[in-house]
Protein chains: 2
Amino acid sequence: MNVEFINPFLLATAAVFENMLSVEVRRQTPYVRKALEPQYAITGVIGLTGKATGTVAFSLPEEAALAITQRLLGERPAAINAQVTDAIGEVTNMIAGAAKARLAELELSLGLPTVVIGRDACIAFPSRAVPIAIPFDSDLGPLVVEVGIVG
Amino acid sequence: MNVEFINPFLLATAAVFENMLSVEVRRQTPYVRKALEPQYAITGVIGLTGKATGTVAFSLPEEAALAITQRLLGERPAAINAQVTDAIGEVTNMIAGAAKARLAELELSLGLPTVVIGRDACIAFPSRAVPIAIPFDSDLGPLVVEVGIVG
């Protein structure tokens, strides 16, 4: 378990939510994510490359994804659509970007975010990565940032 | 539509299937993927960074994922488990790696593959990426490689 990655992603997530979305998040206890543990219905996924290689998954329920889209665009979409997936992809990108700044020694570059929609979907990391889940509670509901990085 | 990416990924997929898995694939007609178009039940996702930024998604039905795992490990898992997601992640990595070699001028690095499991899951690319879907038929069933790359 790469505990040194917990704090940069924890602080990055809090900073993005507080500064970009004006939403206060309350950290819960990070844990090692189990293989095939399902996420929430909407999950942004972004790859990291550099002196380490990794993936960040930012997962949240549909209702929270709609609320975040409303905060970013000023209008609430009626259902999950491309505006919502673009908004969640962008928040995933902002979280990974803020963490990257705190991990300057790894010289990370960010890939293109994709967003997985699916109530029963599960996103598996490679066994060798052992991702850490960093859960939060917020006024928009629960959310979790999962980070798997290999040297 | 970045048609210049079709051939490297088409040839990379055929090479990985034929040389690594001894499975012949038959190319179908590539098309521009619609927003929120669902994939097959198992999808490997990997990020690309370099002079361009992108994501590759390699999607296939459960049965084909089990058959590929059997070819790689010599044993057929009874159900989708971490062996299967590791195998599909590794094939996704091989396809992206073979395409990267054909796109040397972009100096691409590959992220860590993740694998999405979910019969109704949909993986959305950013609107600005307009992914191309490259479908194949094979003796293991249908499969599709989706590529979204931005300058």
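In this report, we go over the structure that sits alongside the text.

Analysis parameters
- Residue numbers restart at each chain and count upward from 1, following the sequence in its written direction.
- Note on labels: chains are lettered from A, ligands numbered from 1, in written order.
- With the structure being a predicted model, the display of local features is reserved for residues of pLDDT at least 70 and the display and counting of side-chain atom pairs for 80 or more, all residues being used for whole-chain, interface and lining totals.
- In computing side-chain values, all of the structure's heavy atoms are included and hydrogens and water are not.
- Comment: elements are numbered from the N terminus, with helices defined as DSSP H or I runs of at least four residues and strands as E runs of at least two.
- When accessible area is computed with a 1.4 Å probe and restricted to protein chains, residues below 20% of their type maximum are described as buried, those above 50% as exposed, and intermediate ones as partly exposed.
- We score Asp and Glu as negative and Lys and Arg as positive, and we do not count His or the chain ends.
- We count a salt bridge whenever a side-chain nitrogen from Lys or Arg sits within 4 Å of a carboxyl oxygen from Asp or Glu.
- Two residues form a contact once any of their heavy atoms are found within 4.5 Å.
- Simply put, the buried area is the total loss of 1.4 Å probe accessible area from both parts when two parts are fitted together.
- Side-chain atoms alone can form a polar contact between residues adjacent in sequence; in general such a contact is a pair of N or O atoms within 3.5 Å, and within protein one must be able to donate a hydrogen while the other accepts it.
- A helix is expected to span 1.5 Å for every residue after the first.

What follows covers the side chain of Glu37(B). Residues and elements named next belong to chain B. Locating Glu37 in the fold gives a position in the loop between strand S2 (31–32) and strand S3 (42–49). Put simply, Glu37 is tucked away with no salt bridge, and the nearest opposite charge, on Lys34, sits 4.2 Å away. Dropping the residues within four chain positions of it, Glu37 is found in contact with Tyr31 and Cys122.

Before going further, it helps to spend a moment on the interface of chain A and chain B. Taken together, the contact pairs 35 residues of chain A with 34 residues of chain B. A buried area of about 2,500 Å², summed over both sides, lies between chain A and chain B, and 63% of it is on carbon and sulfur atoms. When the area that chain A buries against chain B is broken down by residue, the three leading residues are Thr49(A), Leu112(A) and Thr114(A), summing to 24%. Between chain A and chain B we count zero salt bridges in total. Here chain A is connected to chain B by nine residue pairs in polar contact (both at pLDDT 80 or more).

With that settled, the discussion passes to helix H3 (residues 82–102) of chain A. The periodicity of an α-helix, 3.6 residues per turn, causes residues three or four positions apart to be oriented the same way. Residue and element names in this part refer to chain A. With 21 residues, H3 ought to run about 30 Å at 1.5 Å a step, and its terminal C-alpha atoms sit 30 Å apart, in line with that. Along H3, the residues classified as buried are Val84, Thr85, Ala87, Ile88, Gly89, Val91, Thr92, Met94, Ile95, Ala96 and Ala99. Between the side-chain oxygen at the start of H3 and the backbone nitrogen of Gln83 there is a gap of 3.0 Å, and the oxygen is on Asn81.

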